[in-house]
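# Structure assessment
Okay, here's what each chain looks like letter by letter:
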Amino acid sequence: MAMTRAHWGSRLGFVLAASGSAVGLGNLWKFPYVTWENQGGAFVLVYLAAVVLLGVPIMTAEILVGRRAQLSPVPAFEKLGGGGWSAVGWLGVAAGGVIQSYYMVIAGWSLWSFYQCAGWSLGGYTSPADGAFGEFLANAPLQLSLTATFTLATAYIVWRGIGGGIETATKIMMPLLLAILLYLLGTALLMDGRDQALRMLFLPDFSTLRASSLLEAVGQAFFSLSLGLGAMITYGSYISKEESIFRSSVAVVALDTAVALIAAVAMFTIIFSVEGLSESLSGSTVGMLFVTLPELFYTQMPGGVLLAPAFYVLVAAAALSSTISLGEVVVSLFIDRMGWTRGKATLVATGVVFLGSILAALSVGAVPALSSFELFAGKAGVLSTLDHVAANLLLPLGGLGTTVFVGWFLGREDVREELGAFGQSAVFSVWLWLVRVVAPVAITALLIAVFMGKDFS
Ligand code: PFF
């Protein structure tokens, strides 16, 4: 089976597809609003530390496992480590399903923003009334149909398979998205609120940090980089033997982090520049991506009339390339493990995940019983609860499993060989130390601290 496994069509194919998985709503939707909720500076610093100290090594470790085994996560762990290790793979599949279920809902919002922007571009812009976003969230039929549309689009591309769908889609959209984002950033930096935004983002105030925000920063790093659930193991199983795993990892991490920071600077600047916006956002920062940017496009930016709808198409595309990778984790398991056809695997996976999506879609405002309960402090409703459990618990646990596996159980020579020239370099021992010691200890300590309710401030 390994011999016939499909591979990416070009050298860049892997980096593009992996960045397609990494860059998504985690950067454009989640990073800005979670950073806002955690009051900026110190949170951003912890996030950056997590990206460098955990993100790069774990990304490398996951791709390594995938390429070594030439299989999706569950059978990959089984083949390289024996039966018990497949638990790490299963945990990842569960996390993938959970994330997919609510991710589809937010992704659906980008379709709605596109539709709204198209209307504004044709008919002139009017600032939405206070509470307009809340009404949108509470509209059950609309939420369900947007979520369903997104689910079908994902299923279609996953069903078409690696290369044909994923690689082509990312090759076109990534550069476009980056170009518009840079233009957005340039425009935002000319606005009055710039200094306040930069101060909030980059001047750390450590008194705001609690153990839970540290874990949230780490969880966000995993989420944004698509780590901890085997997405990069799956993609790594399609990477060619000639490519440098370490260099690819660094490229993906750098691009992903740049996109998140650019998005946050732009959104924070708008919030501080436009009168009344920070008040009207205060109840629902979760919609930041969809509420703030139209202001910038339509009131400040030359050409914004054309770029606004284009931007939300690209947000949808970025989300799609992430949902595809989430779908691929589950579908490739069914294919590798059960011997199902891609069609059957896609159908079953999509159906199961959509059941979760229905609950998540109705939990943002339509059904009070689904939106009001609070299992974790500050995370009310199905969508926030699923997000919290997946990003801040399942992904760090998956990352922990992967680092312990690669650091302590996979043969040192196997690891070296798979890493090629990097495996012989001086940086390799730093990498190995991060994988063996720093990452496992940091993740374990944080999980314990949060469970014991430890507050550092
Ligand atoms: N990294 C994606 C984002 O930032 O939107 C989300 C994601 C995709 C997480 C794939 C995990 C994953 F396996």
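In this text the structure is predicted, and so the values were computed from the model without any measurement.

Before going further, it helps to examine helix H15 (residues 304-338). Compared with an ideal rise of 1.5 Å per residue, which puts 35 residues at 51 Å, H15 spans 49 Å between its outermost C-alpha atoms and is within 8% of the ideal. The largest bend in H15 amounts to roughly 25° and is located at Glu328. Taken across its 35 residues, H15 has 27 buried, putting it largely inside the fold. Following H15 by one or two positions, Gly339 has its phi on the positive side, about 70°.

Positionally, Thr285 belongs in the loop between helix H13 (277-281) and helix H14 (288-299). Polar side-chain contacts of Thr285 include one of 3.1 Å to the side chain of Glu37. In this structure, Thr285 is in contact with Tyr33, Trp36 and Glu37, ignoring residues within four places of it in sequence.

Around the ligand sit 15 residues in total, of which Ala22, Gly26, Tyr103, Phe223 and Ser226 are the nearest. Between an oxygen atom of the ligand and a side-chain N or O atom of Tyr103, the distance comes to 2.3 Å. At 3.0 Å, a side-chain N or O of Ser226 approaches a nitrogen atom of the ligand. Calculation on the ligand without its partners gives an accessible area of 340 Å², and the protein chains cover 100% of this total. Looking at the shell around the ligand residue by residue, the classes come out as seven nonpolar, eight polar and no charged.

What follows deals with the environment of Gly193. With respect to the helices and strands, Gly193 occurs in the loop between helix H8 (166-188) and helix H9 (194-202). The class of Gly193 is buried, set by a relative accessible area of 3%. When the C-alpha positions of Gly193 and His388 are compared, they lie 31 Å apart, and in sequence the two are 195 residues distant. Residues within four places of Gly193 in sequence aside, it is in contact with Thr269, Phe272 and Ser273.

What follows is about the environment of Asp192. Counting through the fold element by element, Asp192 comes out in the loop between H8 and H9. With a relative accessible area of 74%, Asp192 lands in the exposed category. Separated by 80 residues in sequence, Asp192 and Phe272 place their C-alpha atoms 7.7 Å apart.

Across its 29 residues, helix H12 (residues 245-273) extends 42 Å between first and last C-alpha, which sits within 8% of the 42 Å expected from 1.5 Å per residue. Among the 29 residues in H12, 21 count as buried, and that is most of the element.

A cluster of nonpolar residues, Trp408, Phe409, Val427, Val430, Trp433, Val437 and Val441, forms a patch on the protein surface that exposes about 710 Å² of accessible area. Counting only elements with at least two residues in the nonpolar patch, the list comes to helix H18 (381-409) and helix H21 (427-451). It is H21 that provides the largest number of residues to the nonpolar patch, a total of five residues. Along the chain, Val437 turns up in helix H21. Residue Val437 is classed as partly exposed on the basis of its relative accessible area, which comes to 33%.

Under the defined criterion, the tally for this structure stands at 10 salt bridges. Asp387 is the salt-bridge partner of Lys30, the closest N and O atoms lying 3.1 Å from each other. You can see Lys30 sitting in helix H2 (residues 25-37) and its partner Asp387 sitting in helix H18, a full 357 residues away along the chain. Since its relative accessible area comes to 4%, Lys30 is described here as buried. With a closest N to O distance of 3.0 Å, Lys379 and Glu216 form a salt bridge. Taken together, the positions of Lys379 in strand S2 (residues 379-380) and Glu216 in helix H10 (residues 211-224) put the pair 163 residues apart, joining distant regions of the chain. A residue is classified by how much of its surface remains accessible, and Lys379, at 14% relative accessible area, is buried. Taking relative accessible area as the criterion, Glu216 reaches 13% and is therefore assigned buried. Because the salt bridges share partners, they merge into one network encompassing Arg67, Arg68, Lys241, Asp414, Glu417 and Glu418.

Cut-off values and rules
Residues numbered from 1 in each chain as written. Predicted model: local features only at pLDDT ≥ 70, side-chain atom pairs only at ≥ 80, totals over all residues. Heavy atoms only, no water. Helix = DSSP H or I, 4+ residues; strand = E, 2+ residues; numbered from the N terminus. Expected span 1.5 Å × (residues − 1). Bend = angle between axes of the 7 residues up to and from the residue. Buried < 20%, exposed > 50% of the residue type's maximum accessible area, 1.4 Å probe, protein only. Polar contact = N/O pair within 3.5 Å; in protein donor to acceptor, adjacent residues only side chain to side chain. Contact = heavy atoms within 4.5 Å. Near = heavy atom within 4 Å. Areas by Shrake-Rupley, 256 points an atom, 1.4 Å probe, with all protein chains shown as cover. Nonpolar A, V, L, I, M, F, W, Y, C, P; charged D, E, K, R; others polar. Patch = residues over 30% accessible without salt bridge, like charges linked within 9 Å, V, L, I, M, F, W, Y side chains within 5 Å. Salt bridge = Lys/Arg side-chain N within 4 Å of Asp/Glu carboxyl O.

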